[in-house]
Each structure stands twice: as C-alpha cells, then as structure tokens.
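Coordinate inspection notes
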Amino acid sequence: MNPQRLWLAYIAGMACLTWLCFGSLRHHLLDGHDAESFADHLLIDQDPSYFFSHNKQQATGRFTADGAKYAVYLVFGNDPAAFHLAVVATHLLASLLLALLVYRLYAAQVLAMLTGLLFLLNVTHFQAVHHISALDYPLGLACACAAWLCWEGRHRTRTWTFTLFMVLAVQAHRWFQL
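Basis of the calculations
- Residues numbered from 1 in each chain as written.
- Predicted model: local features only at pLDDT ≥ 70, side-chain atom pairs only at ≥ 80, totals over all residues.
- Heavy atoms only, no water.
- Helix = DSSP H or I, 4+ residues; strand = E, 2+ residues; numbered from the N terminus.
- Rg over C-alpha atoms; globule rule 2.2 N^0.38 Å.
- Buried < 20%, exposed > 50% of the residue type's maximum accessible area, 1.4 Å probe, protein only.
- Contact = heavy atoms within 4.5 Å.
- Lys, Arg positive; Asp, Glu negative; His and termini not counted.
- Charge placed at Lys NZ, Arg CZ, Asp CG, Glu CD.
- Expected span 1.5 Å × (residues − 1).
- Phe/Tyr/Trp six-rings, centres within 6.5 Å; stacked < 30°, edge-to-face > 60°.
- Lys NZ or Arg CZ within 6 Å of the ring centre and 35° of its normal.
- Patch = residues over 30% accessible without salt bridge, like charges linked within 9 Å, V, L, I, M, F, W, Y side chains within 5 Å.
- Areas by Shrake-Rupley, 256 points an atom, 1.4 Å probe, with all protein chains shown as cover.
- Salt bridge = Lys/Arg side-chain N within 4 Å of Asp/Glu carboxyl O.
- Arc of directions from axis to C-beta.
- Polar contact = N/O pair within 3.5 Å; in protein donor to acceptor, adjacent residues only side chain to side chain.
- Axes fitted to C-alpha atoms, helices over the stretch in contact; angles between N-to-C directions.
- Parallel < 35°, antiparallel > 145°, perpendicular 65-115°, else oblique.
- Left-handed = near helix turned anticlockwise from the far one by under 90°.
- Nonpolar A, V, L, I, M, F, W, Y, C, P; charged D, E, K, R; others polar.

Helix and strand counts for the protein stand at eight helices and zero strands. Reading the secondary structure of the protein in the N-to-C direction produces α-α-α-α-α-α-α-α. A compact globule built from 178 residues would reach a C-alpha radius of gyration of about 16 Å, and the protein, at 17 Å, matches this within 12%. Dimensions along the principal axes, computed over C-alpha positions, put the protein at roughly 55 × 40 × 25 Å. Taken over 178 residues, the protein has a buried fraction of 44%. Taking as baseline every contact in the protein between residues at least 6 positions apart, the subset at least 24 positions apart corresponds to 72%. With 10 positive and 10 negative side-chain charges, the protein shows a spacing of 18 Å between the two charge centroids.

Between its first and last C-alpha, helix H2 (residues 34-46) extends 19 Å over 13 residues, near the 18 Å set by a 1.5 Å rise per residue. In this structure, the buried side of H2 is in contact with helix H3 (63-76) and helix H4 (80-104).

A word on the packing of aromatic side chains. Following the criterion strictly, the structure yields nine aromatic pairs and no others. Through pairs of rings, three or more aromatic residues link up here, namely Trp7, Tyr10 and Tyr103. A cation over an aromatic ring shows up here: Lys56 above the ring of Phe51, its NZ or CZ 5.0 Å from the ring centre. When the ring centre of Trp151 is taken as origin, the NZ or CZ atom of Arg158, which lies over that ring, is 4.3 Å away.

With that out of the way, let us pick up a nonpolar patch on the surface. A cluster of nonpolar residues, Leu74, Val75 and Phe76, forms a patch on the protein surface that exposes about 340 Å² of accessible area. When you line up the elements, Phe76 lands in helix H3.

For the rest of this paragraph, the subject is helix H1 (residues 3-22). Compared with an ideal rise of 1.5 Å per residue, which puts 20 residues at 28 Å, H1 spans 28 Å between its outermost C-alpha atoms and is within 8% of the ideal. Residues of H1 that are buried: Trp7, Tyr10, Met14, Thr18 and Phe22. Projected down its long axis, H1 shows its buried positions confined to an angular sector of 70 degrees, all on one face. In this structure, H1 carries Arg5, Leu8 and Leu20 as exposed residues pointing more than 90 degrees from its buried face. Where H1 is buried, its residues contact H4, helix H5 (109-121) and helix H6 (126-130). Structurally, the start of H1 carries an N-cap: the backbone nitrogen of Gln4 is 3.2 Å from a side-chain oxygen of Asn2.

Turning to the side chain of Ser133, a few remarks are in order. Structurally, Ser133 can be placed in the loop between H6 and helix H7 (136-152). Setting aside chain neighbours within four positions, we find Ser133 in contact with His33, Asp34, Ser37, Gln58 and Lys69.

Turning our attention to the packing of H7 against helix H8 (residues 158-173). Running from N to C, H7 and H8 cross one another at 165 degrees; their axes reach a closest spacing of 8 Å. The orientation of H7 with respect to H8, classified from their angle, is roughly antiparallel. Note that H7 runs across H8; the crossing there is left-handed. Residues Asp136, Tyr137, Leu139, Gly140, Cys143, Ala144, Ala146, Ala147, Trp148, Cys150 and Trp151 of H7 form the contact with H8, whose own contacting residues are Arg158, Thr159, Thr161, Phe162, Phe165, Met166, Leu168, Ala169, Ala172 and His173. Residue composition of the contact of H7 with H8, by class: 15 nonpolar, four polar and two charged.

Here His41 lies in helix H2. A relative accessible area of 3% places His41 in the buried class. A distance of 3.0 Å separates polar atoms of two side chains, one belonging to His41 and the other to Asn78. Setting aside residues no more than four positions away along its own chain, His41 makes contact with Lys69, Tyr70, Tyr73, Asn78 and Phe83.

Structure representation (structure tokens):
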C-alpha cells in the first residue's frame, strides 16, 4: 500500500476508534469547572472584555483554550455534548499530529502510527478526555506538534508559523496573569 493510502486508512481507523471509545461522551454531563466555564460564556456575551477579566468564575489565563471553548459556545451554545465532542476531536487531532511528528522525526511509519494510537487510547488521559475544562491539554499538544511540523517544513514562513503555533501551545497550557 502506498504511504498516502496508508495514512488515510490510519486516519479513518483512528476516527472509528475514537468514536467507539469516546462517542458516548456526548451523553456525559458537566464535571468540575465546566459549569463555571458555561457561566463565563454568558457573561462574555454581555461584555466581551470579560474574556480577559480576573473576575471570571474560571479565570484560567489560558487564552488559547478559553478562546477555543468560547468558539465552541458561539457555534453550539452551552451544549455539553458539543463541548465533550470538541474535546474528543481535539484529542484525536493531537494523536494524529503526534503520529505525523514522530514519523517526520525519522521514525518508522509503523512506530509513528503506534505512537498516535497509544496516545489516543492511553487510560491515563481519562480525565483529560472526559472533562470539558481539560480541553487545554490536548489543545496544547496539538498546537505544539503543529509548531514542530511547521518547523520541519520547507516553506518560507516556517519561522512565523512555528512561532504562532508555539505561542498558541504555551497559551493553551500555561496560565498567564495580566
């Protein structure tokens, strides 16, 4: 099988495994700080500057993750199913980008694909996949992998795209106080 078809089959298989293992999360309710995030979305609608406020119920200072959660809210409202599926999709994206990064770092294709598979199904990620507020972690990894993939590329703007994705990765995971 040629490499492009193999990667397409891998992506399809990973998507199917993701749906089988995590698709039921669309029925999962809120957990931890999720209700606080939902309340903050309603307040940001009333006053957009509240996005940067220290008075938010969940003032994370993680602007990439907060922005991603707010974007999901803008499209779907405060629907827990949409948020859980967004976390699952981000986890899948992080798994695929990790596999591609490992492959681009000169690992064998099978090893790279196993890396992504093991990351996707690793049981230590249970809370990060089942908890809406933990979107920060797979989003940070996806942005970091995208940054390194941009760096490995040969396009003219690789420095700028690497920098952009790395800043997004740090901001998805690291708390900054204004």
